[in-house]
Amino acid sequence: MDTIIKIENVHVSFWQNNVGIYSLKDLITQRKKPFKTKTILHDISLEIQKGDSLGILGRNGSGKSTLLRTIAGIIKPAKGKVTVNGTFAPILAIGAGLEQELTGYENIGMLLALYGTAKRNTNAVDNIREFSELSNDVLSMPVKQYSSGMVARLAFSISLANDSDILIIDEVLAVGDQGFQAKCIDKIHQLKTQGTTILFVSHFPEGVLKICDNAILMEDGRITHRGTAQEICNNYRLLF
Amino acid sequence: MQNITRIYALSKRNVILRYKNSLVGFFWGFFKPLLYLLIFIVIFQQNSGVHNYILFVTSGLILWFFFSNVTGQSVGSIVGSAGLLKALNIPAYFFPLSETISELFNLLLTILVFFIIMYWCGIVYSPILLLIFPCVILFAIFALGLNLLLCSVNVFFRDIGIIWGTIQPAIFFLTPIGYSTHSIPEKYHLIIKCNPVYYFIQLGRSILYDPSMQSWHLWRNCIIISLGMYAIGAFVFNRLKNQFISAI
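Treat the numbers as computed from the prediction; the structure is a model and nothing was measured. (Residues numbered from 1 in each chain as written. Chains lettered and ligands numbered in written order. Predicted model: local features only at pLDDT ≥ 70, side-chain atom pairs only at ≥ 80, totals over all residues.)

> Account for the overall build of chain A, with residues named and values stated.
Of the regular secondary structure elements, chain A holds nine helices and eight strands. Here chain A holds 240 residues, and the buried ones make up 42% of them. For chain A, contacts bridging at least 24 residues in sequence account for 71% of all contacts bridging at least 6. (Helix = DSSP H or I, 4+ residues; strand = E, 2+ residues; numbered from the N terminus. Buried ≥ 20, exposed ≤ 12 C-beta atoms within 10 Å, placed from the backbone. Contact = placed C-beta atoms within 7 Å.)

Pasting the structure below:
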């Protein structure tokens, strides 16, 4: 099998605001160093095979989203190396990348163009409308008037419109209604059989079990357990 | 090629967003200079000692408002695009760049309208007018450099936007737009010459208002200033860009 994502000894660190300095005024009046470096991911190594579906579990703040963004190239690691041999769909997080003031259609146009590849596919807009089950009226409204479920439907449908090798899902299925959730899981299974690699972050072990073969458990920026989805879900439940 | 599509999509978004929910949309771009022009005519025209005052002021105002709009829009461009930056792997500099491009597009439309209206104000149509395009490009490079600086620092210190909004009117009045440098005492000329915007206004004026002001020195100064500002902005931006995601 081909390795599609290879992460070697990756450290990711952020500048953290030193207590309460958010403006130049504070910087001058408090005379402290404005930032200190905080390490979010410690020495992460991971190899993901093509067609694999990996679940990522962990408490809030354990570095799951940071890991996803590092893999997608959005965050550059401070140390270590990330090698990816494939294309990404935009990260699926709730409402990610949608512009609140623009209508559904304008958002679709913008995100497809930003993503680049789907531009050639003239049916993309129709496919998105069909999959999201949002009516013409709704798609002509500004996204700020959408309910959170409608936002999730639109974001998910846009992400799926791109034929990419890797799909990254960050805790998005929790919002849609049951019908749409089932539809999404079907779609993910379908993509999986077509050979799409899937990275799935969730707080619900049931969701991970439905979608993923393997999983990892993260704690404080480290991978503490690796194994099959079943094993890791059991480990995850033990945390609480 | 893909990047050009992306920058185009972002610029288009900016144009749509700017005029969305507004009463007269694109025409706001003309109201502001027009209002200032009227104020200047009422207050300063008598004592300006400038020949053809309307053409003189308008040529400065259209360039100034390009500068003021583009910097004002760009300061928050990184912070305002948090959603996109966190979901897609797009270079962060596309955001200030696309703000600059969409404002440049506005400026070109304004200049076309200006060329037509100024017929009644005594503009001389000659090939020299075409020099306004390289001049505008230089000014845009300068503005882009400043934008890169402002928007990247604004990610960490959110009052940069407020500070910039405060000092902008001061720079406006320090720039000889409504008055000519001849009406300023010699001893204050140094202050005016320290203001980089001054050189671009002079260059624009030497094209639109009085071709006899054209000089090689003016072009050279503008090229040096715009490239210098771009270098500073790009340097700061590159040093900070890896930390944007965690701070927005």
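Having put the structure on the table, let's press on.
> Please provide a residue-by-residue account of the overall build of chain B, values included.
In terms of regular secondary structure, chain B is built from twelve helices and zero strands. Listing each helix as α and each strand as β along chain B from the N terminus yields α-α-α-α-α-α-α-α-α-α-α-α. Computed over the C-alpha atoms, the radius of gyration of chain B is 19 Å, within 12% of the 18 Å expected from 2.2 N^0.38 for a compact globule of 248 residues. On the principal axes, the C-alpha backbone points of chain B span a range of 55 × 40 × 35 Å. Put simply, chain B has 248 residues, and 42% of those count as buried. Of the contacts formed within chain B by residues at least 6 apart in sequence, a portion of 79% connects residues at least 24 apart. (Rg over C-alpha atoms; globule rule 2.2 N^0.38 Å.)

> Any chance you could break down helix H2 (residues 64–71) of chain A for me, citing the residues and the numbers?
All names here are of chain A. Most of H2 sits inside the fold, with eight of its eight residues counted as buried. Restricting attention to buried positions, one finds in H2 the residues Lys64, Ser65, Thr66, Leu67, Leu68, Arg69, Thr70 and Ile71. In the segment just after H2, glycine 73 is the residue with positive phi, at about 85 degrees.

> Help me get a handle on the packing of helix H4 (residues 124–132) of chain A against helix H6 (residues 148–160) of chain A, residues and values and all.
Residues and elements named next belong to chain A. H6 packs onto H4 with a crossing angle of 140 degrees between their chain directions and a minimal axis gap of 9 Å. When the axes of H4 and H6 are compared, the pair comes out oblique. Helix-helix and strand crossings are classified by hand; for H4 and H6 the assignment is right-handed. From H4, Ile128, Phe131 and Ser132 reach across to H6, where they touch Arg153, Leu154, Ser157, Ile158 and Leu160. When its residues are assigned to classes, the contact of H4 with H6 shows five nonpolar, two polar and one charged. (Axes fitted to C-alpha atoms, helices over the stretch in contact; angles between N-to-C directions. Parallel < 35°, antiparallel > 145°, perpendicular 65-115°, else oblique. Left-handed = near helix turned anticlockwise from the far one by under 90°. Nonpolar A, V, L, I, M, F, W, Y, C, P; charged D, E, K, R; others polar.)

> Explain the interface of chain A and chain B residue by residue, including any values.
Between chain A and chain B, the residue contacts involve 30 residues of the former and 23 residues of the latter. Secondary-structure elements contributing two or more residues to the side of chain A that touches chain B are strand S1 (3–17), helix H1 (24–30) and helix H3 (104–115) of chain A. Broken down by element, the residue count for the side of chain A that touches chain B peaks at five residues, all from H3(A). Here the residues of the side of chain A that touches chain B are counted per class, giving 19 nonpolar, four polar and seven charged.

> Give me the lowdown on the packing of helix H7 (residues 132–156) of chain B against helix H8 (residues 160–174) of chain B, citing residues and values where you can.
All names here are of chain B. In contact at an axis separation of 8 Å, H7 and H8 are set at 135 degrees when each is read in the N-to-C sense. As judged from the angle between their axes, H7 and H8 are oblique. In this structure, H7 contributes Leu150, Val153 and Asn154 to the contact, and H8 contributes Ile160, Gly161 and Trp164. Its residues assigned to classes, the contact of H7 with H8 shows four nonpolar, two polar and no charged.

> Any chance you could break down the pairing of strand S8 (residues 222–228) of chain A for me, citing the residues and the numbers?
It is a general feature of regular strands that their side chains alternate between the two faces of the sheet. Residues and elements named next belong to chain A. Strand direction decides the pairing type here: strand S7 (residues 214–219) and S8, joined by six bridges, are antiparallel. Directly across from alanine 215, in S8, lies its bridge partner glycine 227. Here S7 folds back onto S8, and the loop between the two strands holds two residues, one of which, aspartate 220, carries a positive phi near 45 degrees. (Pairing = 2+ DSSP bridges.)

> Quick rundown of the sheet that holds strand S2 (residues 35–49) of chain A? Include the residues and the values.
All names here are of chain A. The strand order across the open sheet built from three strands is S2-S1-S4, with neighbouring strands paired in antiparallel fashion. Bordering the open sheet on either side are S2 and strand S4 (79–84), each of which pairs with just one other strand. Taken pair by pair, the neighbouring strands of this sheet meet at an average axis angle of 25 degrees, ignoring direction. Where S1 and S4 come together, five bridges link them in antiparallel fashion. Bridge pairing links isoleucine 5 to valine 84 in S4.

> A description of the nonpolar core should follow, citing residues and the corresponding values.
In a soluble, globular protein the nonpolar side chains are often hidden away together inside. Core analysis: the largest hydrophobic core is formed by 131 residues, its most contacted members being Ile56(A), Ile168(A), Leu199(A), Phe200(A), Ala215(A), Phe139(B) and Phe200(B). Looking at which element gives the most residues to this core, the answer is H7(B), with 17 residues. (Core = buried A, V, L, I, M, F, W, Y, C linked by C-beta atoms within 7 Å.)

> Please give an account of the sheet that holds S7(A) that cites residues and values.
Residues and elements named next belong to chain A. What the five strands build is an open sheet, ordered S5-S6-S3-S7-S8; its pairing is mixed. Strand pairing shows two members of the sheet lacking a second neighbour, strand S5 (166–170) and S8, which therefore form its edges. Within the sheet, the average angular offset between the axes of one strand and its neighbour, ignoring direction, is 15 degrees. Together, strand S3 (53–58), S5, strand S6 (197–201) and S7 form the strand contacts of H2, whose direction differs from that of S6 by roughly 155 degrees.

> Describe unusual backbone geometry, with residues and values.
With a phi close to 60 degrees, Glu133(A) is a non-glycine residue in the positive phi region. Here Glu133(A) shows up in the loop between H4 and helix H5 (136–139).

> Which residues make up the environment of Ile207(B), and what values do they have?
Residue and element names in this part refer to chain B. Relative to the helices and strands, isoleucine 207 resides in helix H10 (residues 196–208). What makes isoleucine 207 buried here is the crowd of 22 C-beta atoms within 10 Å. If near-sequence neighbours (up to four positions away) are discounted, isoleucine 207 is found in contact with Ile128, Leu129, Leu131, Ile132 and Cys135.

> A description of the environment of Gly178(B) should follow, citing residues and the corresponding values.
All names here are of chain B. Positionally, glycine 178 belongs in the loop between H8 and helix H9 (189–193). By C-beta crowding, glycine 178 is classed as buried, having 23 other C-beta atoms within 10 Å. Between the C-alpha atom of glycine 178 and that of leucine 37, which follows or precedes it by 141 residues, the distance is 8.4 Å. Other than its neighbours up to four places away in sequence, glycine 178 contacts Phe40, Phe44 and Val57.

> Pulling in residues and values, what's your account of the environment of Ser140(A)?
All names here are of chain A. Residue placement: serine 140 occurs in the loop between H5 and H6. Taking the C-beta count within 10 Å as the criterion, serine 140 has 11 such neighbours and is therefore assigned exposed. Once you skip the residues sitting within four places of it in the chain, serine 140 turns out to touch Thr103, Gly104 and Tyr105.

> A description of helix H6 (residues 94–117) of chain B should follow, citing residues and the corresponding values.
Residues and elements named next belong to chain B. The terminal C-alpha atoms of H6 lie 34 Å apart, and with 24 residues this matches the ideal 34 Å at 1.5 Å per residue to within 8%. Restricting attention to buried positions, one finds in H6 the residues Phe94, Phe95, Pro96, Ser98, Glu99, Thr100, Ile101, Ser102, Glu103, Asn106, Leu107 and Phe114. Lining the buried residues of H6 we find helix H1 (2–19), helix H2 (28–48), helix H3 (53–75), helix H4 (77–80) and H7. (Expected span 1.5 Å × (residues − 1).)

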